Amino acid sequence: MVASIRVMTVLCDLPPRQGDRLPVSVFGLGYVGCVSAACLAARGHFVIGVDVNPTKIEFLRQGQSPVVEERIAELTAEVVRAGRLTVTTDPAEAVLGSDISMVCVGTPSAAGGGLSTRYLESVSEEIGAALACKDGWHVVVFRSTMVPGTCEKILIPVLERASGKRAGVDFGVCVNPEFLREGTSVWDFENPPKTVVGESDERSGSAVMGMYEGLGGPRFRVPIVVAEMTKYVDNSFHALKVTFANEIGALCATLGLDSHAVMDIFLADTKLNVSAAYLRPGFAFGGSCLPKDVRALIHTARKHDLELPVLTNVLVSNEMQIRRVVDSIVALGKRKIGVFGLAFKSGTDDLRESPLVELAERLIGKGFDVRIYDANVALSKLMGANRAYLDEHVPHIGQLLTGEIDAVLEHGEVFVAGTKDPGVVTAIDSLREDRIVIDLVRLPGAEERRLKPGYIGIGW
Ligand SMILES: NC(=O)c1ccc[n+]([C@@H]2O[C@H](COP(=O)([O-])OP(=O)(O)OC[C@H]3O[C@@H](n4cnc5c(N)ncnc54)[C@H](O)[C@@H]3O)[C@@H](O)[C@H]2O)c1
């Protein structure tokens, strides 16, 4: 207690900053911090860099970059010479001399694979202690990568405890993930793919966005936890892309093919391959092609004693998605289930490897009382097109299938929305409030629906 009062007295004795330009302090002068500090300074901001490593501080004080990156050496020398980038090891000096503190400390893996928040917590403690002595508004913006919930559950409480102030009221907190790639990070800073700011309050979000004024790319102002998640979505997708390409490469090489020539064709398809297609969360895939073709590719690899773990687990993951829905229904403890949709996707009557057929079969197997409505399948059943498939493969499902939507509506306590057909949407909208809807297709208005009790989105 005595020690903390002494620290506060020392902090509060520091002189206030001079001038009225927007100054930014950058905590943690590693790859992200050095590039952010130099690039922000080059854009006209006054930047104070802070690090616990005296060697890095000394390098920067002399205008040298402690990290190797294209253009960073020249840029650092220039902004230090111009007096736009100064450095200190004193966190209080940096906070009192700036309006925004950007935190770029490391977040390494902890034992067990979790994220270590050790450096984030100690820097928050230091910034919080300095905020206790600061009268003006200040924004703390976390640029470090952190798993969703870290800022609100761990860091804001540390900042509030150390400062004796309230986040979003007395000072602002933002999360502003960094999307640079080492090697081309200066270029990436100047040409961002996007800018994402998670904000505790509007004023802070505007101040942080304002630092990037004039830079291109789409901009998103979102809740803090969304900003945290964004970075993980990107990085896990990048990792998935690398491993996917490498598995294709391994298989091509085994088959005597040039994988780059193959991938040139893959990449040229910007409608279905390198595009937004197939990237919205929803129900499992199925149909006459995807499951069969993924299986055949894995089989081909196995014949050559080649392991393809990513592609092999695609089918495991798909199966998991069906299990998630079954588990959600079991957990509800209701027996009467109405299923809307049976074909593998809307607008077709094709039942081959339909995940909705698989779902219905599992529910029936578990003793649920199921009724199914699918207008296309019911029609083709009457007209004979799918009759053979229904009779031979899933005769028990054929008996539960109806073309009368009301019959399903009257039957169910829980409804599975497996299609967005307008008739189904209208039927779901007419349901009594005590009915439960499990949405596999993201029904129109899902943003509002998910806020209501009795609605369960499969991935939202
Ligand atoms: N390196 C990348 O390409 C990259 C890209 C995007 C995001 N990120 C994320 O950004 C964060 C930083 O990454 P990095 O590669 O720049 O880390 P880094 O390890 O290179 O640098 C971190 C710096 O923080 C300093 N530091 C630690 N505690 C401090 C404190 N209390 N006060 C001041 N400085 C302190 C360290 O001395 C070090 O210089 C991580 O969360 C990382 O996941 C990194």
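Since the model is a prediction, treat every value here as computed from it, not as a measurement.

Caption draft 1: Focus on the overall build of the protein chain. In terms of helices and strands, the protein chain carries 20 helices and 14 strands. In terms of overall dimensions, the protein chain is more spread out than a globule: its C-alpha atoms have a radius of gyration of 28 Å, far above the 23 Å expected for 460 residues. Taken over the C-alpha atoms alone, the protein chain extends approximately 85 × 60 × 40 Å along its principal axes. Counting only residues that meet the buried cut, the protein chain has 45% of its 460 residues in that class. Counting contacts in the protein chain only where the partners sit at least 6 residues apart, residues at least 24 apart contribute 70% of the total. A total accessible area of about 23,500 Å² is found for the protein chain, and carbon and sulfur atoms account for 56% of it.

Caption draft 2: View of the sheet that holds strand 1 (residues 23–27). Taken in spatial order, the eight strands of this open sheet run 3-2-1-4-5-6-7-8, and their pairing is mixed. Each of the sheet's edge strands pairs with one partner strand only, and the pair in question is strand 3 (85–88) and strand 8 (219–222). Across the sheet, the mean angle from the axis of one strand to that of its neighbour is 25°, orientation sign disregarded. Looking at chain direction, strand 4 (residues 100–103) and strand 5 (residues 139–142) are connected through four bridges and run parallel. Among the inter-strand pairings, Met 102 is bridged to a residue of strand 5, identified as Val 141.

Caption draft 3: Representation of the packing of aromatic side chains. Across all of its chains, the model carries four aromatic pairs by this definition. Here Phe 189 and Tyr 212 contribute two aromatic rings whose centre-to-centre distance is 6.0 Å and whose plane-to-plane angle is 55°, an arrangement assigned as tilted. You can see Phe 189 sitting in helix 8 (residues 185–190) and its partner Tyr 212 sitting in the loop between helix 9 (202–210) and strand 8, a full 23 residues away along the chain. For the pair Phe 189 and Tyr 212, a shared accessibility class is recorded, and that class is buried. Taken together, the ring pairs connect Phe 340, Tyr 373 and Phe 415 into an aromatic cluster.

Caption draft 4: Molecular detail of unusual backbone geometry. At Tyr 278, a position not held by glycine, the phi torsion is positive, near 65°. By secondary structure assignment, the location of Tyr 278 is in the loop between helix 11 (259–268) and helix 12 (290–303). Despite not being glycine, Arg 442 shows a phi value in the positive range, around 55°. Relative to the assigned elements, Arg 442 resides in the loop between strand 13 (436–439) and helix 20 (446–449). With a relative accessible area of 31%, Arg 442 lands in the partly exposed category.

Caption draft 5: Just the sheet that holds strand 14 (residues 455–457), in detail. Here we have six strands laid out as an open sheet, ordered 11-10-9-12-13-14, and parallel in their pairing. What marks the edges here is a single partner per strand, and that holds for strand 11 (401–402) and strand 14. In this structure, strand 12 (residues 414–417) lies alongside strand 13, joined through four bridges in parallel fashion. Counterpart to Ala 417 in the pairing with strand 13 is Asp 439.

Caption draft 6: Main features of the site of the ligand. Lining the immediate environment of the ligand, one finds 23 residues, of which Val 32, Asp 51, Lys 56, Thr 107 and Glu 182 sit closest. Val 32 places a polar main-chain atom, nitrogen or oxygen, 2.8 Å from an oxygen atom of the ligand. For the ligand, whose accessible area on its own is 840 Å², the fraction buried by protein is 81%. Contributions of two or more residues to the shell around the ligand are made by helix 2 (31–42) and helix 6 (118–131).

Caption draft 7: Summary view of a nonpolar patch on the surface. A surface patch of nonpolar side chains, about 260 Å² in accessible area, is lined by Phe 237, Leu 240 and Leu 279. Within the fold, Leu 240 resides in helix 10 (residues 224–254). Accessibility expressed as a relative area gives 43% for Leu 240, which makes it partly exposed.

Caption draft 8: Highlighting the pattern of salt bridges. Applying the stated criterion to the full structure yields 17 salt bridges. Where Glu 353 meets Arg 295, a salt bridge forms, and the shortest distance between an N and an O atom there is 2.5 Å. Here Glu 353, found in the loop between strand 9 (336–340) and helix 14 (355–365), pairs with Arg 295, found in helix 12; they are 58 residues apart in sequence, far enough to count as distant. Linked by salt bridges that have partners in common, Glu 319, Arg 323, Glu 358 and Arg 362 make up one network.

Caption draft 9: The side chain of Asp 51, seen in detail. With respect to the secondary-structure elements, Asp 51 resides in the loop between strand 2 (46–50) and helix 3 (54–61). One buried charge, Asp 51, has no salt-bridge partner; the nearest side chain with opposite charge is Lys 56, at 4.7 Å. For Asp 51, the side chain forms a polar contact with the main-chain nitrogen of Leu 29, separated by 2.6 Å. Within polar-contact distance, the side chain of Asp 51 engages the backbone nitrogen of Asn 53 at 2.8 Å. What Asp 51 contacts, discounting residues up to four positions off in sequence, is Gly 28, Leu 29, Gly 30, Lys 56, Ile 57, Thr 88 and Thr 89.

Caption draft 10: Structural view of the environment of Gly 97. Positionally, Gly 97 belongs in the loop between helix 5 (91–96) and strand 4. Given the relative accessible area of 13%, Gly 97 is considered buried. Sequence separation between Gly 97 and Gln 64 is 33 residues; the distance between their C-alpha atoms is 23 Å.

Caption draft 11: Seen up close, the packing of helix 10 against helix 11. The interhelical angle for the contact between helix 10 and helix 11, taken along N-to-C directions, is 130°, at an axis separation of 9 Å. The angle between helix 10 and helix 11 places the two elements in the oblique class. As helix 10 packs across helix 11, the resulting crossing turns out to be right-handed. Residue-level contacts link Phe 244, Ala 245, Ile 248, Gly 249 and Cys 252 of helix 10 to Ser 259, Val 262, Met 263 and Phe 266 of helix 11. Broken down by class, the residue content of the contact of helix 10 with helix 11 amounts to seven nonpolar, two polar and no charged.

Calculation rules
- Once a new chain begins, its residue numbering starts again from 1 and follows that chain's sequence as written.
- Per-residue local features are limited, in this predicted model, to residues with pLDDT of at least 70; the limit for side-chain atom pairs, both in listing and counting, is 80 or more; totals at the level of whole chains, interfaces and linings are taken over all residues.
- As a rule here, side-chain values cover all heavy atoms of the structure and leave hydrogens and water aside.
- Secondary structure follows DSSP: runs of H or I at least 4 residues long count as helices, runs of E at least 2 residues long count as strands, and numbering of each begins at the N terminus.
- Atoms counted for the radius of gyration: C-alpha only. Globule rule: 2.2 Å times residue count to the power 0.38.
- Using a 1.4 Å probe on the protein chains alone, a residue whose accessible area is under 20% of its type maximum counts as buried, one over 50% counts as exposed, and one in between counts as partly exposed.
- By definition in these notes, contact holds between two residues if any of their heavy atoms fall within 4.5 Å.
- For every accessible area listed, the method is Shrake-Rupley and the probe measures 1.4 Å; residues are considered covered only by the protein chains on display.
- At least two bridges found by DSSP between two strands are what make those strands a pair.
- Working convention: axes come from line fits to C-alpha atoms, limited for helices to the stretch in contact. Angles between N-to-C directions cover 0 to 180 degrees.
- Stacked, tilted and edge-to-face are the three classes applied to pairs of Phe, Tyr and Trp rings, where Trp contributes its six-membered ring and a pair requires centres within 6.5 Å; stacked means planes under 30 degrees apart, edge-to-face means over 60, and tilted covers the rest.
- Whether a residue is near a molecule or strand depends on its heavy atoms: if one lies within 4 Å, it is near.
- Pairs of N or O atoms within 3.5 Å make up the polar contacts considered here, provided that, within protein, one atom can donate a hydrogen while the other can accept it, and that residues adjacent in sequence are counted only when both atoms are side-chain atoms.
- Residues enter patches when they are more than 30% accessible in relative terms and free of salt bridges; like-charged ones are connected within 9 Å and nonpolar ones (Val, Leu, Ile, Met, Phe, Trp, Tyr) within 5 Å.
- Salt bridge, as used here, is a side-chain nitrogen of Lys or Arg placed within 4 Å of a carboxyl oxygen of Asp or Glu.
- Positive residues here are Lys and Arg, negative ones are Asp and Glu, while His and the chain termini are left out of the count.
- Small angles under 35 degrees read as roughly parallel and large ones over 145 as roughly antiparallel, with 65 to 115 read as roughly perpendicular and the rest as oblique.
- Note on convention: the crossing is left-handed when the near helix lies turned anticlockwise from the far helix by less than a right angle, right-handed when the turn is clockwise.
- Note on residue categories: nonpolar means Ala, Val, Leu, Ile, Met, Phe, Trp, Tyr, Cys or Pro, charged means Asp, Glu, Lys or Arg, and polar means any other residue, Gly included.

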